[in-house]
Amino acid sequence: MSTRAADENSAARTMPSSGPHKPDAVHGHPTTSLPALGLAALGIVFGDIGTSPLYTLKTVLDGIGDATQPATILGLLSLLIWTLVIVTTLKYVTIAMSVGNDGEGGILALMSLIGMKKHRAAIVAIGLFGAALIYGDGAITPAISVLSAIEGLDMATPAFHPYIVPGAVAILLALFIAQPLGTERIGKAFGPIMVAWFLALAAMGIGGILHHPGVFAALNPVYGIAFLASNGVKGFLVLGGVFLCVTGAEALYADMGHFGPKPIRLAWIGVVFPSLVLNYAGQAAIVLDGAPTDGNIFYRLCPGPLLIPLVVLATLATIIASQAIITGAFSMTRQAIQLGWLPRVAVKQTSAEGYGQIYVGSVNWILMIVTIGLTLGFQKSDHLASAYGIAVSLTMLITTVLLFIAMREILKWSAAVAGLVAAFFLIIDLAFVGANAVKIADGGYVPLLIAALIYGLMWIWHRGSEAVAKRFEESIIRVEDFSAQAVAKQTPRVPGTAVFLTRTTRDVPPVLLWHMQHNRALHTYLFVLTVSTASVPWIAADKHLTVDELAPNFWRAEAVFGFMENIDIPALLATAEYHGCRLDLEDVTYYVGHASIVRREDGRGLPRWIEAIYAAMERNSSHVGDVMRLPHENTVELGRQVSI
């Protein structure tokens with residue numbers, strides 16, 4: 001019989017919170033103004049796309065070769081401006097940010113919204129690969145950003161040249177080492193620093209435009225189209241460099257849950273977009289005015305006496321951009337763990353105020369090794385540009401496919417309108433993917449290899465977890481049979497409450513049977529709990545727990561959390577009484593089953609290589625007690641071998 005509270009609405013009014021819930025900022029914090037949220041968004045959301053002027057036009061001009069013709073410069077600038085308009089403003093800021101999974105954005109949230117609800121295996125597969133590609137981007141972004149900033153020292157004096165790479169490595173090393181401390185304090189300074197950065201971009205751009213005001217002709221998209229039409233394959237391949245101006249757009253969408261769409265849109269339209277356009281126009285203007293194109297064109301906009309301060313500001317901006325990418329990798333890892341696609345790893349909350357303030361040690365150190373390795377291997381930002389873009393362009397292509405389904409099912413657009421919009425974006429995405437594909441041999445294989453490795457680990461973990469769950473389901477027995485065994489063996493009852501965590505969803509789980517067999521006793525109160533993660537980011541407090549009484553003093557419960565929530569089982573149990581469950585919370589022992597994975601001998605198991613990799617991942621994953629915040633002194637682990 002069910003013991004769920006009869007008046008759920010009444011219970012919800014007094015039920016204590018069982019964990020962190022959705023931040024008020026997503027709904028529009030009543031005490032925080034929209035401009036203040038926009039300022040905070042500048043410091044967290046726009047670091048990646050905001051530092052792209054450091055290397056984008058330089059990379060584009062290197063790719064075209066002869067950049068002395070005005071039509072060429074105006075065509076390239078037109079492509080940059082309209083790429084920002086179409087990809088960032090229209091696709092992400094306008095359309096993608098209208099599709100939120102309970103306020104959360106990003107490819108995993110979008111995949112969960114339209115794929116997992118209906119068990120669409122293909123959507124889940126491509127969404128996961130898109131998420132894996134972001135890890136590849138996350139390894140390159142800090143390296144190319146910091147290198148491109150410090151290369152400004154070479155413009156001041158060649159004496160700094162030998163120290164550029166060591167300096168970049170030192171900054172990156174310090175950045176990753178500082179991650180366990182959290183970013184709560186330094187994060188408060190991010191907004192003002194990025195405001196100064198975007199004002200500097202705009203001011204330098206205006207200064208450059210004064211040398212050649214005719215550069216504004218590039219606002220006409222005809223110049224960009226004419227450039228592509230007249231330069232054939234060479235012009236098409238330049239799109240690989242043009243794409244660098246929007247590499248932070250996917251991260252912009254993923255950070256939507258931190259602030260909500262309004263502050264991000266305000267910051268983009270009011271500050272970021274005009275600053276970027278002015279700076280790119282200023283760089284193009286000085287080239288049209290005869291400035292040399294060797295070295296870093298961005299720094300040629302800066303007056304000589306201000307060059308060193310600008311390098312310092314640029315370095316701070318790239319550190320902020322790198323921090324945003326690293327934090328995004330942490331958040332995405334937590335989402336993937338909660339959704340069952342990655343093994344449990346230790347996730348540390350570094351702030352009690354911000355749900356996004358987390359630290360994942362294993363991800364941090366792996367990213368550090370890869371990022372520093374790329375910095376030492378490629379040495380220069382323009383070399384890294386060859387490896388940059390392919391991963392993000394593929395992610396954007398996948399996002400377009402998912403957005404088409406969202407436009408039909410979530411936004412309720414007609415098939416014709418959704419199809420035309422998606423086809424328009426798809427053509428652009430395919431052009432960028434094709435142009436970036438030629439970079440694969442020159443370093444583009446690096447993010448693709450990283451993505452393939454992570455995607456493979458996701459797939460193996462999910463398949464192994466499903467095999468283990470299936471084996472556990474084969475071992476459960478009915479409650480009536482369990483009770484009969486306990487009576488037949490005259491099993492004694494001891495005071496207190498025993499909470500058994502299990503993957504099974506019905507009857508008596510193996511972990512409870514192991515307990516009775518090994519300890520030959522049962523507690524007065526038995527509580528079997530299955531924890532699952534929904535395909536939405538947040539669950540209301542009164543919806544977390546469902547309880548059914550299977551026998552006197554024997555309850556089976558299901559706890560459901562959103563994929564952005566931290567799981568806290570002791571806090572959750574404090575709400576059990578609101579469901580009519582009479583537990584002795586003063587004396588609770590938690591029982592967790594530990595599965596040692598072995599190979600199945602009947603020929604019906606997983607392939608040997610999958611079983612071996614899954615077993616290694618299981619052995620090295622974090623203890624379930626740590627993930628669910630079980631008190632160590634009250635937790636008992638029961639082990640057995642499970643053949644898959």
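Residues numbered from 1 in each chain as written. Predicted model: local features only at pLDDT ≥ 70, side-chain atom pairs only at ≥ 80, totals over all residues. Heavy atoms only, no water.

**Quick word on the overall build of the chain**
Link 1 in the chain: Within the chain one finds 27 helices and 8 strands.
Link 2 in the chain: Along the first, second and third principal axes, the C-alpha set of the chain runs to 95 × 55 × 55 Å.
Link 3 in the chain: Buried residues in the chain amount to 55% of all 644 residues.
Link 4 in the chain: For the chain, restricting intrachain contacts to residue pairs at least 6 apart in sequence, the fraction spanning at least 24 positions comes to 84%.
Link 5 in the chain: Carbon and sulfur atoms provide 63% of the accessible area of the chain, an area that totals close to 25800 Å². (Helix = DSSP H or I, 4+ residues; strand = E, 2+ residues; numbered from the N terminus. Buried < 20%, exposed > 50% of the residue type's maximum accessible area, 1.4 Å probe, protein only. Contact = heavy atoms within 4.5 Å. Areas by Shrake-Rupley, 256 points an atom, 1.4 Å probe, with all protein chains shown as cover.)

**Quick look at the nonpolar core**
Link 1 in the chain: Counting 157 residues, the largest nonpolar core has Phe-46, Leu-84, Trp-197, Val-215, Ile-264, Trp-268 and Tyr-299 as its most contacted members.
Link 2 in the chain: Within the second largest apolar cluster, 33 residues are counted, among which are Val-468, Trp-514, Met-516 and Ile-597. (Core = buried A, V, L, I, M, F, W, Y, C linked by side-chain atoms within 4.5 Å.)

**Some points on a nonpolar patch on the surface**
Link 1 in the chain: Together, Phe-160, Tyr-163, Ile-308, Val-312 and Leu-316 make up a nonpolar patch on the protein surface, roughly 460 Å² of accessible area in all.
Link 2 in the chain: In this fold, Ile-308 is placed in helix H17 (residues 307-338). (Patch = residues over 30% accessible without salt bridge, like charges linked within 9 Å, V, L, I, M, F, W, Y side chains within 5 Å. Salt bridge = Lys/Arg side-chain N within 4 Å of Asp/Glu carboxyl O.)

**Regarding the confidence of the model for the chain**
Link 1 in the chain: Looking at the chain as a whole, the pLDDT averages 84, with 91% of positions reaching at least 70.
Link 2 in the chain: Below pLDDT 50 for its whole length, residues 1-21 participates in 39 contacts with residues either more than four positions away or in separate chains. (pLDDT = per-residue confidence, 0-100.)

**What to know about the environment of Asn-620**
Link 1 in the chain: Summarising the element assignment, Asn-620 is placed in helix H26 (residues 608-620).
Link 2 in the chain: Considering only alpha carbons, one finds Asn-620 and Leu-572, 48 residues apart in sequence, at a separation of 27 Å.
Link 3 in the chain: Within the structure, Asn-620 has its side chain in polar contact with the backbone oxygen of Ala-616 (distance 2.7 Å). (Polar contact = N/O pair within 3.5 Å; in protein donor to acceptor, adjacent residues only side chain to side chain.)

**What to know about the packing of helix H8 (residues 121-150) against helix H18 (residues 361-378)**
Link 1 in the chain: For the pair H8 and H18, interaxial distance at closest approach is 9 Å and the crossing angle is 50 degrees. With respect to their mutual orientation, H8 and H18 come out oblique. In this structure, the crossing between H8 and H18 has a hand that is right-handed. Residues Tyr-135, Gly-138, Ala-139, Ile-140, Pro-142, Ala-143 and Leu-147 of H8 form the contact with H18, whose own contacting residues are Leu-367, Val-370, Thr-371, Leu-374 and Thr-375.
Link 2 in the chain: Tallied by class, the residues present in the contact of H8 with H18 amount to 9 nonpolar, 3 polar and no charged. (Axes fitted to C-alpha atoms, helices over the stretch in contact; angles between N-to-C directions. Parallel < 35°, antiparallel > 145°, perpendicular 65-115°, else oblique. Left-handed = near helix turned anticlockwise from the far one by under 90°. Nonpolar A, V, L, I, M, F, W, Y, C, P; charged D, E, K, R; others polar.)

**Description of the side chain of Glu-151**
Link 1 in the chain: Within the secondary structure layout, Glu-151 lies in the loop between H8 and helix H9 (152-156).
Link 2 in the chain: If we skip the residues at most four places from it in the chain, Glu-151 touches Lys-58, Ile-164, Lys-380 and Ser-381.

**Things to note about the pattern of salt bridges**
Two side chains of opposite charge can pair, provided their charged atoms sit close to one another.
Link 1 in the chain: This structure, assessed with the given rule, holds 6 salt bridges.
Link 2 in the chain: One salt bridge in this structure joins Arg-506 and Asp-507, with 3.1 Å as the shortest N-O distance.
Link 3 in the chain: Residue classification places Asp-507 among the partly exposed positions, given a relative accessible area of 22%.

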